[in-house]
Amino acid sequence: MLFILIGACGSPLEPEFAGGGERGDPVGGAGSGGDDTDVDDTGETDTGGDTDEPVCGALDVEFRVVVEDAAGEQATSFSWPAEISARALFGNPCAGTLQFITPTSCLVDTWTLAGGSGDDTSFSGNCVVGETTWTLEVGEGTSVLADWGILDEDTYQVSARSEVAQTTASEFFSVQ
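Note that the coordinates shown come from a computational prediction; the quantities given were computed from them, not determined experimentally.

(A) How the structure looks around the overall build of the protein chain. In terms of helices and strands, the protein chain carries zero helices and 14 strands. Within the protein chain, contacts between residues at least 6 apart in sequence are counted, and of these 71% link residues at least 24 apart. When the accessible surface of the protein chain is totalled, it reaches about 9,500 Å², and 47% of it is carbon and sulfur.

The structure is reproduced here in structure tokens:
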């Protein structure tokens, strides 16, 4: 089982980072696409299930961000005061194993929290240097959690930049 632990320095403005995800959690829609029909050397058609061979790489990873409260309830509107966390979800949408290597232990390189009042806060994940191999089976996923704590009443956009996925995922939410 793969565990990811990501930490942050103790500045009161920085969110707390944790590897809070569980590998093996089903990812919606994963493994539902694609054709798994092969013809072997004897000319027979194999319509069987998944193989153990990696068929997808880092650019195939499904990546999105959700916002949740301390109870883990996902929403886009929260009543003040609420402990707010952002979770970057990484999933395997492929019909086979998804495998890739990162130069560090990080899946999220930079988190940014932008408030409607113009306050922006960005932090880098506290990555451990060293090659990390990630393997997600069909329908499997993992996540990285950033705890932002109790935020002021405002509208926000949280973004997570992932060099692995070569994109940024964002979510808008409000605290009322």
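Picking up where we left off.
(B) Here's a closer look at a negative patch on the surface. Together, Asp119, Asp120, Asp152 and Glu153 line one region of the surface with negative charge. Residue placement: Asp120 occurs in strand S10 (residues 120-124).

(C) Layout of the nonpolar core. Core analysis: the biggest nonpolar cluster contains 32 residues, and Ile84, Phe90, Trp111, Trp148, Leu151, Val158 and Phe173 have the highest contact counts within it. Elements with a contribution of two residues or more to this core: strand S5 (62-68), strand S7 (83-91), strand S8 (97-104), strand S9 (110-115), strand S12 (141-150), strand S13 (154-162) and strand S14 (167-175). When residues of this core are assigned to their parent elements, the largest contribution, four residues, is made by S7. Leaving out residues up to four positions away in the same chain, Phe173 has contacts with Val67, Thr76, Phe78, Ile84, Leu113, Leu151, Asp154, Thr155, Tyr156 and Val158.

(D) Seen up close, the state of the cysteines. Using the criterion set out here, one finds two disulfides in the structure. Across the disulfide, Cys56 is cross-linked to Cys94 (sulfur-sulfur distance 2.0 Å). Of note, the bridge from Cys56 to Cys94 carries an S-S torsion of about -125° and is left-handed in sense. On the criterion of sequence distance, the pair formed by Cys56 in strand S4 (residues 54-56) and Cys94 in the loop between S7 and S8 is long-range, its members being 38 residues apart. Residue classification places Cys56 among the buried positions, given a relative accessible area of 14%.

(E) Quick look at the pattern of salt bridges. Tallied over the full model, the rule gives two salt bridges. We note a salt bridge from Glu68 to Arg87, for which the minimum N-O separation is 3.0 Å. Of this pair, Glu68 sits in strand S5 while Arg87 sits in strand S7, and the two are 19 residues apart along the sequence. Judged by its relative accessible area of 14%, Arg87 is buried. With a closest N to O distance of 3.1 Å, Glu163 and Arg161 form a salt bridge. Residue classification places Glu163 among the partly exposed positions, given a relative accessible area of 46%.

(F) How the structure looks around the packing of aromatic side chains. Applying the stated criterion to the full structure yields five aromatic pairs. Measuring from centroid to centroid gives 6.4 Å for Phe100 and Trp134, while their planes differ by 20°, and the two rings are stacked. Placement of the pair is Phe100 in strand S8 and Trp134 in strand S11 (residues 129-136), with a sequence separation of 34 residues. The two residues Phe100 and Trp134 agree in class, both being buried. The interplanar angle of 15° and the centroid separation of 5.2 Å between the aromatic rings of Tyr156 and Phe173 together place this pair among those described as stacked. In this pair, Tyr156 is assigned in strand S13 and Phe173 in strand S14, connecting sequence segments 17 residues apart. By way of ring pairs, the aromatic residues Phe78, Tyr156 and Phe173 are connected into one cluster.

Rules used throughout
- Residues numbered from 1 in each chain as written.
- Predicted model: local features only at pLDDT ≥ 70, side-chain atom pairs only at ≥ 80, totals over all residues.
- Heavy atoms only, no water.
- Helix = DSSP H or I, 4+ residues; strand = E, 2+ residues; numbered from the N terminus.
- Contact = heavy atoms within 4.5 Å.
- Areas by Shrake-Rupley, 256 points an atom, 1.4 Å probe, with all protein chains shown as cover.
- Patch = residues over 30% accessible without salt bridge, like charges linked within 9 Å, V, L, I, M, F, W, Y side chains within 5 Å.
- Salt bridge = Lys/Arg side-chain N within 4 Å of Asp/Glu carboxyl O.
- Lys, Arg positive; Asp, Glu negative; His and termini not counted.
- Charge placed at Lys NZ, Arg CZ, Asp CG, Glu CD.
- Core = buried A, V, L, I, M, F, W, Y, C linked by side-chain atoms within 4.5 Å.
- Buried < 20%, exposed > 50% of the residue type's maximum accessible area, 1.4 Å probe, protein only.
- Disulfide = S-S within 2.5 Å.
- Phe/Tyr/Trp six-rings, centres within 6.5 Å; stacked < 30°, edge-to-face > 60°.

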